[in-house]
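# Architecture at a glance
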Amino acid sequence: MSNREKLKQLLGEVFLLSEDEISLDLRKDQIETWDSLGVVSLAVGVQETFGYHFAPEEAVGLNSVRDIISILSKGGIPFDD
Amino acid sequence: MTEQQVLSWNDLARFPTDGTRVWATDRVVPLANAALPFAVIGESDLPAAGQTRLVAIGGGAFIDRVKLWRREASPGTWLCAVASLWGSGAEASPIAVRLENGRKVADMDPALRPEARAVWPELAAAIPERLARWGYGDTISHAIEAFLSPLAGDGRAVAADFLKARLLRQAFDQSPAWFDLSAEACAIQARSGVGLVHGIAHTLEPELSGFGHARLCSAFLQPVFRYNVQRGEKVGALADAHGVEVDALDRACGAVFDADDYRALLPTLERLWDSVVRDPLSRINCTTVRRDGIDFFRRYELNA
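What counts as what
- Residues numbered from 1 in each chain as written.
- Chains lettered and ligands numbered in written order.
- Predicted model: local features only at pLDDT ≥ 70, side-chain atom pairs only at ≥ 80, totals over all residues.
- Helix = DSSP H or I, 4+ residues; strand = E, 2+ residues; numbered from the N terminus.
- Rg over C-alpha atoms; globule rule 2.2 N^0.38 Å.
- Axes fitted to C-alpha atoms, helices over the stretch in contact; angles between N-to-C directions.
- Parallel < 35°, antiparallel > 145°, perpendicular 65-115°, else oblique.
- Left-handed = near helix turned anticlockwise from the far one by under 90°.
- Contact = placed C-beta atoms within 7 Å.
- Nonpolar A, V, L, I, M, F, W, Y, C, P; charged D, E, K, R; others polar.
- Pairing = 2+ DSSP bridges.
- pLDDT = per-residue confidence, 0-100.
- Core = buried A, V, L, I, M, F, W, Y, C linked by C-beta atoms within 7 Å.
- Buried ≥ 20, exposed ≤ 12 C-beta atoms within 10 Å, placed from the backbone.
- Domains from an automatic or database assignment.

### With respect to the overall build of chain A
When you go through chain A residue by residue, the secondary structure sums to four helices and zero strands. Ordered by position from the N terminus, the helices and strands of chain A form the series α-α-α-α. Radius of gyration (C-alpha) of chain A: 11 Å, near the 12 Å computed for a compact globule of 81 residues. Dimensions along the principal axes, computed over C-alpha positions, put chain A at roughly 30 × 30 × 20 Å.

Here is the structure:
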C-alpha cells in the first residue's frame, strides 16, 4: 500500500469519514471531527502508521491534509508515489 | 486547585455535632448511625441547603450526586466524601458523571471536588466480594489508561510510579488500602485522561441493566489492553521507557477478567461498536480505535 493510500485510510479511521468523503485536498474546516480530540487521534494514528511523532506545535498547527503530507515528507516519509 | 484534605476516621468523628450532617447511601445508614455522633439522612432525602459541613458516604454514583447537589444548591457547604466502595474515585475527583438524554456526561469543575475525603476502614469488609473485585478493575483501569494516555504529558511518570510502587505491589484483597489506591488512581486519571476501556463502558452502560461501570471496565480491561499491545510498539515502548513490565500489567488486567461476562457483553459491543469508536474517550485512546477493531474483540471471545 502506498503512503497516500495509508494516509487516506488513516484519515477515515481518525476523523470517522466514509471512503467517498476522503480526499487529500481536505482542509480542517471541512472536517467536523477535526477538533481537539481529532488532533490527538490523528497524532496517535500518524505515529502508528508512519512512525512519526508530531511535536505538539506541529499537531495543533495543521490546517489541511496537505499540511500533514508536507510535515511527513520533511520527516523523510515520501508521498511522491 | 487547592489540595484535598485526607482525613482519618477519627478526625471525622471529632467534628462538632452542631452543623455537621451525614448524607449516606441507604446500605450504610444503619452503620453510620451507629458509628458517628451526627444526624444521618438516607439517599432519598435531601439535606437543608446552607449546611456548614456535610459528610457524604456512598458509592461513586451517590457521591457524584452529592457533589452536583452541593454545587447547585449549597455551594458554601464544606464537603467530605467517604467512599463505601473503591473504584470510581469520586471522592477525590473534580468530575461528576450524570445521565443526559440516556448518555453519560462527565461534568468537570474544580467546584465539584470535595474539600476532604476520609476512609472508613470498617466498610471494606462489608463490600460484597464481586463488587470489591469490580471496583479493583475500575481502579486498575484508571491507572493503566492514565499511564498510556496520549494526553498524559508529565502525568505519565506519575502514573508509572504509582503503578510500580503501589498498585502492582498490592495483591487484590478486601483491605481498606484499596480506598486510598482508588482515590489516587482517580486523581491520576483526572490529570492524564482515560481511553477505550472507558469509551466502551460509557457507551454500553446506559444500554444494560445489571452491568454497572466497574463491572464493564473489569470485563473489557484485559481485552482492550491486549488490543492496544497488538496495535504496535507503543505500549511496549512506553512500558520500557518507564520501567513498567507489560506482563505485570497484563496479569493485573487478567485478575478481573470474567469470560462469562465478556461473552454476555459481546453482542452489545458488536451492536454499539460504531458508537464506541465515536466516543470521545475512545478517540483519545493510546492506539487508534479502528472501525474494524471489533474483529479483534470477536476473536478474543473465541479464546475467552
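Continuing now.
### Structural notes on the packing of helix α5 (residues 129-148) of chain B against helix α6 (residues 155-165) of chain B
Residue and element names in this part refer to chain B. At their nearest, the axes of α5 and α6 sit 8 Å apart, and the two run at 140° to each other. Taken together, the axis directions place α5 and α6 in an arrangement best described as oblique. Of the two possible hands of crossing, α5 and α6 adopt the one that is left-handed. Residue-level contacts link Ala143, Ala146 and Phe147 of α5 to Gly155, Arg156, Ala159, Ala160, Phe162 and Leu163 of α6. Here the residues of the contact of α5 with α6 sort into seven nonpolar, one polar and one charged.

### Thoughts on the pairing of strand β7 (residues 103-108) of chain B
Residue and element names in this part refer to chain B. Relative to β7, strand β6 (residues 95-100) is paired through six bridges, and the arrangement is antiparallel. Residue leucine 99 lies in a different strand from β7, and its bridge partner there is lysine 104. As consecutive antiparallel partners, β6 and β7 are separated by two residues, and within that stretch asparagine 101 has a phi angle of approximately 50°, a positive value.

### Things to note about the confidence of the model for chain A
Summary statistics for chain A give a mean pLDDT of 91 and a share of 99% for residues scoring 70 or more. Mean pLDDT across the elements of chain A bottoms out in helix α3 (residues 56-61) of chain A (89) and peaks in helix α4 (residues 65-74) of chain A (95).

### Quick notes on the interface of chain B and chain A
At the interface, 15 residues of chain B touch 10 residues of chain A. Elements that contribute at least two residues to the side of chain B that touches chain A include exactly α12 (259-278) and α13 (280-283) of chain B. Residue composition of the side of chain B that touches chain A, by class: six nonpolar, three polar and six charged.

### Some words on the sheet that holds strand β4 (residues 53-58) of chain B
All names here are of chain B. Reading across from one edge, β1-β8-β5-β4-β2-β3 is the order of the six strands in this open sheet, with parallel pairing throughout. Strand pairing shows two members of the sheet lacking a second neighbour, β1 (5-7) and β3 (39-41), which therefore form its edges. Each strand axis lies, on average, 25° off the axis of its neighbour in the sheet, ignoring direction. Against the sheet, helix α3 (residues 60-73) touches β2 (20-24), β4 and β5 (78-83), its axis set at about 155° to β4.

### Let's talk about the nonpolar core
Most often, soluble globular proteins have nonpolar side chains that are buried together. In terms of nonpolar packing, the biggest core is built from 101 residues, with B:Ala56 and B:Ala143 touching the most fellow members. In terms of domain composition, this core takes at least three residues from each of domain 1 (5-125) and domain 2 (128-303) of chain B.

### Details of the packing of helix α1 (residues 3-15) of chain A against helix α2 (residues 36-50) of chain A
All names here are of chain A. Packing of α1 against α2 brings their axes to within 9 Å, and their N-to-C directions diverge by 145°. Here the hand of the crossing between α1 and α2 comes out right-handed. Residues Lys6, Leu10, Glu13, Val14 and Phe15 of α1 lie in contact with α2, whose contacting residues are Gly38, Ser41, Leu42, Gly45 and Thr49. Taken together, the residues of the contact of α1 with α2 break down into four nonpolar, four polar and two charged.

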